[in-house]
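Descriptive structure summary
If you want the building blocks of each chain, they are given just below.
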Amino acid sequence: MNLTLDAGAEKIIETLEEKGYKAYAVGGCVRDLLLGKIPDDYDVATSAFPEEVIAVFGRENVATTGLKHGTVTVILKGKPFEVTTFRSESGYSDHRRPDSVKFVGSLAEDLKRRDFTVNAVAYNGKEGLIDLYGGLSDLENGVIRAVGDPYERFSEDALRILRAARFSAALGFKVEEKTARAAEELAKDLEKVSEERIFAELTKLLAGKNATETLLKFHGVIFAAIPELGPCYKFLQRSKWHRYDVYEHTARAVGYVKGGAVEKWTMLLHDIGKPDCFSVKDGEGHFYGHNLRSAEIAKAVLKRLKAPKAFSEKVVTLVSVHDKPIRFTSAAVKREMSAIGKDLFSSLLEVKRADNLAQGTPLALSETGNADKLKEIYEEVLRRGDCYTLAALKIKGGDLVSLGYKGEETGKELKKLLEEVINGNLPNDRERLLAEAKKRVK
C-alpha cells in the first residue's frame with residue numbers, strides 16, 4: 001500500500017533513515033491518509049533519541065518541546081513536525097500521564113501503548129503500512145477499538161474515554177462493545193482530567209457528523225464530563241410541543257444546528273435548566289424561565305471547563321434568548337440585532353431553527369419556517385444598511401452635550417433616539433435627530 005506523505009514528513013523520515021535510524025509517520029496522520037483525508041499535522045516516531053534528532057537537523061531547526069517524553073519539534077520551511085523516540089510507558093497514577101517513560105528500540109513496543117487500533121498504525125515509503133493491531137480492518141469496517149485491554153488503556157489515560165466517543169462522533173464509527181462498556185464503567189475517572197482537555201474533546205465531539213448518536217449512546221460519559229446534564233436524561237416534558245425527553249431533544253438539537261462551536265455548545269446547554277423549572281398546568285408541562293436558568297448553569301459549566309471568556313459570553317447570551325419570540329417586522333429584528341449584535345443574531349436564527357426541528361412534533365415542525373422568515377428580514381436590513389446600533393446613529397454623545405445634556409441623561413437620550421430610528425419614527429438624519437433632541441433637553 002502506497003500513501004502520499006507530506007513532503008516535510010517524508011523528508012524527515014528519509015533523512016533519519018539515511019543516518020541509520022528507523023523512522024515512520026504514525027498515528028492520526030496515517031489514519032487520515034487511509035481515510036482519504038489530508039492530515040492537519042504529522043507525527044513521526046523514530047529509533048533516534050532526541051539529542052540525535054537535534055544533531056541530524058541542527059539545533060536552530062529543532063524546538064525542544066517535550067524532551068521528558070522524548071519529543072522534539074523539527075521545523076522545515078516554517079512547518080512543525082513532532083518527532084518522538086520509540087517509547088513505552090508505565091505507572092499512570094493520575095490516570096492521565098505516565099509516571100515513567102522508557103525509550104525502546106522497536107516500533108512494535110511504541111504502537112502497543114497507543115489508544116485505539118485506528119491510531120496504532122505507521123508508515124514509511126520503504127516498508128509501507130505497519131498495522132499490528134488490525135487498524136486498517138477497523139477503519140474499513142467503521143470500528144473504534146482499544147489497543148489490547150480497553151480497561152487498561154482507559155485506566156492509563158482517562159481522557160481516552162472521551163476520545164473514544166469523540167472519534168465515534170467525528171468519523172461516524174461504532175465503538176466496539178468491550179471498548180464502549182469500559183468507557184461507560186470508567187467514566188468517573190474523567191474527574192481526574194484537566195478541564196481544558198475535556199472542553200477541547202467535547203468541542204470536537206459536538207462538531208462530529210455522528211454527534212447526536214454519540215451523545216445518546218455515551219450519555220454516561222457525557223454526564224461524567226458535565227454532571228449538570230444528568231437530570232435532563234429521560235425527563236419527560238409532557239408537552240404537545242415535544243416528542244422527546246429533555247436530553248434526547250438536546251442531543252438532536254446539536255445534530256440539527258448549523259454553525260460552529262458556539263452554536264453547538266448553545267444547543268448542548270440551551271435546555272439544561274429545564275428540570276429545575278418544571279411545572280404542570282391543566283395536564284401540560286411548562287418550563288417557565290428555563291432560558292435564564294439554563295443560561296445560569298451554562299455560565300457555570302463553561303467557567304469550570306475554562307472555556308475562553310468571549311466564547312462563553314456568546315453561548316450564554318444565545319442560551320438566554322433561544323426561545324424569545326420575535327415578531328416578523330424590521331423593527332423587531334433590528335431591536336434584537338441591537339441587543340446582541342448582527343453576527344450573534346444570525347446564530348440565534350440557526351439555534352431557533354434547530355430547536356424547532358429537534359422537538360419532533362407536527363406542531364413544532366410547523367414553525368420551523370419562522371427562522372427563515374426572520375432571516376429574510378435580517379438580510380434585508382443588512383442590504384438596506386439600516387441603523388440599529390448607537391455606533392451607526394448620525395449623532396453622538398458630544399452633540400447632545402453641546403445641546404445641554406449632562407451625565408446619564410446623555411446616554412439615555414441616545415438610546416431613545418436609536419429606538420425611534422429603529423421603530424421608523426425618525427430617520428437616521430443628523431439634522432432631524434439634533435432637532436428632536438433639542439426639543440427634549442431639560
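In what follows, the accompanying structure is described. (Residues numbered from 1 in each chain as written. Predicted model: local features only at pLDDT ≥ 70, side-chain atom pairs only at ≥ 80, totals over all residues. Heavy atoms only, no water.)

This brings us to the packing of helix α9 (residues 195-207) against helix α13 (residues 261-269). Contact geometry of α9 with α13 gives a least axis separation of 9 Å together with a crossing angle of 95°. When the axis of α9 is compared with that of α13, the two are roughly perpendicular. When α9 is examined against α13, the residues F199, L202, T203 and L206 are found in contact with a partner set consisting of A261, K264, W265 and L268. Residues belonging to the contact of α9 with α13 are distributed by class as follows: 6 nonpolar, 1 polar and 1 charged. (Axes fitted to C-alpha atoms, helices over the stretch in contact; angles between N-to-C directions. Helix = DSSP H or I, 4+ residues; strand = E, 2+ residues; numbered from the N terminus. Parallel < 35°, antiparallel > 145°, perpendicular 65-115°, else oblique. Contact = heavy atoms within 4.5 Å. Nonpolar A, V, L, I, M, F, W, Y, C, P; charged D, E, K, R; others polar.)

A side chain with one charge can pair with a side chain of the opposite charge if their charged atoms come near. Summed over all chains, the structure comprises 32 salt bridges. A salt bridge links D110 to R113; the shortest N-O distance between them is 3.3 Å. You can call R113 buried: its relative accessible area is 13%. The salt bridge partner of K274 is D271, with a shortest N-O separation of 3.4 Å. (Salt bridge = Lys/Arg side-chain N within 4 Å of Asp/Glu carboxyl O. Buried < 20%, exposed > 50% of the residue type's maximum accessible area, 1.4 Å probe, protein only.)

With that out of the way, let us pick up the environment of V175. Along the chain, the position of V175 falls in strand β11 (residues 174-175). Residue contacts for V175: discarding those within four places in its chain leaves I144, A164, S168, A180 and F218.

What follows covers the sheet that holds strand β4 (residues 71-76). Across the sheet, 7 strands lie side by side as β3-β4-β5-β2-β1-β8-β9; this open sheet has mixed pairing. A single partner strand is all that each edge strand has here, and the edge strands are β3 (62-66) and β9 (128-131). Within this sheet the neighbouring strands show an average axis-to-axis angle of 35°, counted without direction. Taken together, the 2 bridges between strand β1 (residues 23-26) and strand β8 (residues 121-124) define a ladder with antiparallel strand orientation. Counterpart to V26 in the pairing with β8 is A122. Of the strands in this sheet, β2 (43-46), β3, β4 and β5 (79-85) touch helix α3 (residues 50-57), which is tilted by about 15° from β4. (Pairing = 2+ DSSP bridges.)

Burial along β8 is two-sided: the residues V121 and Y123 and A122 and N124 are all buried. Relative to β9, β8 runs antiparallel, the two sharing 4 bridges. Within β9, the position partnered with Y123 by the bridge is L129.

For the structure on display, the rule yields 13 aromatic pairs. Judged by centre distance (6.4 Å) and plane angle (55°), the ring pair of F235 and F287 falls under tilted. Here F235, found in the loop between α11 (219-225) and α12 (246-256), pairs with F287, found in the loop between β13 (284-286) and α14 (290-304); they are 52 residues apart in sequence, far enough to count as distant. Feature note: the residues F116, F154 and F167 constitute an aromatic cluster, connected by ring pairs. Taking NZ or CZ as reference, K217 lies 5.7 Å from the ring centre of F218, over its face. Looking at R252, its charged tip hangs above the ring of Y244, at a distance of 4.2 Å from the centre. (Phe/Tyr/Trp six-rings, centres within 6.5 Å; stacked < 30°, edge-to-face > 60°. Lys NZ or Arg CZ within 6 Å of the ring centre and 35° of its normal.)

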